[in-house]
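These are the residues of each chain, in order.
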Amino acid sequence: MILLTGASGFLGDNIYPILSHKYTIDTLGLSAKDTYNIDLSKNIPDFITQYDIILHAAGKAHVNLNNLKENTEFFLVNLEGTKNLLKGLEKSGKLPKSIIFISTVAVYGVESGINITEEHALAGTSPYAVSKIQAEAYLIDWCSKNNVTLGILRPSLIAGKNPPGNLGVMINGIKNGKYFRIGNGSARKSILMAEDIARIIPKLANRGGIFNICANHDPSFNELDELISKQLNKKTPRSIPYWVAKCLALLGDIIGTKFPVNSNKLDKIVKSLTFSNEKAKRELDWEPLDVLQNFQIK
């Protein structure tokens, strides 16, 4: 039996239907439909059931570097929420056989690079990254002391129904005719189908370990925007020269967050950032889905 935290969020919504075919599932989250309707960032749950697996997918992921309140929330949700989950398990006396924590490749703190592995230093400095790094460390210590198998998944950008974040912004921009390809759009990004997280759970639960997870093929921006445009029955986005985008980004640096682009966002668009999934494939005998063949936005 599984307890899934964050079941009503983007990731939970995408993986619950798949997991439910294999497991009996209780949920914990902010929805009235959840088995445990509780805010982990503020409260310690009272568990009444013994779970084999805790899949801890509840978390805050979207970054606004200029919002101090939001930055504090990363630690409340990602770190304190994790601590409260574990306190609830301790209080119940019903510890699971394994905990699987959904972390992020943001813990590496890199903006560009190719095939970054799990051996890379945890150099992330954003509130999001640091909160996940600290949550990982807390879980490693707690699970070691309590003899609970720990699996940590570090997914790349995740594709699925109604994606938030940068992928959602791209979809809305193409839908509204406000998305432009920068240069030739050749920069590549690692992406993962959300359902692949559900598919890897049975392989990870008994073994544990820390793994990057992403698809084998790292799509370029032009591959992604062509796929999205085709599904929306829109024309392929127009391209603008890099120098034009750079001028707009510098203007965005001055105007602030209300402007659609700044230098930081531009760097992410024009530089490739990919991660290695070889460890997960080798040690878990796992094979990810191809994003360009499986991603459906409707």
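Look above for the structure.
Residues numbered from 1 in each chain as written. Predicted model: local features only at pLDDT ≥ 70, side-chain atom pairs only at ≥ 80, totals over all residues. Heavy atoms only, no water.

A. Structural context of helix α1 (residues 10-19). When α1 is considered as a whole, its buried residues turn out to be Leu11, Gly12, Asn14, Ile15 and Leu19. Along the axis of α1, the buried residues cluster in a sector spanning 165 degrees; they form a single face. Buried residues belonging to α1 abut β1 (2-5), β2 (25-29), β4 (53-56), β5 (98-102), β8 (157-159) and α5 (195-205). (Buried < 20%, exposed > 50% of the residue type's maximum accessible area, 1.4 Å probe, protein only. Helix = DSSP H or I, 4+ residues; strand = E, 2+ residues; numbered from the N terminus. Arc of directions from axis to C-beta. Contact = heavy atoms within 4.5 Å.)

B. Up close: the environment of leucine 248. For leucine 248, the position within the fold is in helix α7 (residues 242-255). A residue is classified by how much of its surface remains accessible, and leucine 248, at 35% relative accessible area, is partly exposed. Residues leucine 248 and serine 126 lie 122 residues apart in sequence; the distance between their C-alpha atoms is 24 Å.

C. Highlighting unusual backbone geometry. Unlike most non-glycine residues, asparagine 115 shows phi in positive territory, near 50 degrees. Looking at where asparagine 115 falls in the secondary structure, it is placed in strand β6 (residues 113-116). Looking at asparagine 115, the relative accessible area reads 45%, which means it is partly exposed. We note that aspartate 285 has phi near 50 degrees; this positive angle belongs to a residue other than glycine. Its place among the elements puts aspartate 285 in the loop between α9 (278-284) and α10 (291-294).

D. Focus on the pattern of salt bridges. In the structure shown here, the tally under the stated rule is 13 salt bridges. Here lysine 91 ties to aspartate 46 by a salt bridge, and the two come within 2.5 Å at their closest N and O atoms. Linking lysine 91 in helix α2 (residues 68-92) with aspartate 46 in the loop between β3 (36-37) and β4, this pair joins segments that are 45 residues apart in sequence. Across the pair, exposure class does not vary: lysine 91 and aspartate 46 are exposed alike. (Salt bridge = Lys/Arg side-chain N within 4 Å of Asp/Glu carboxyl O.)

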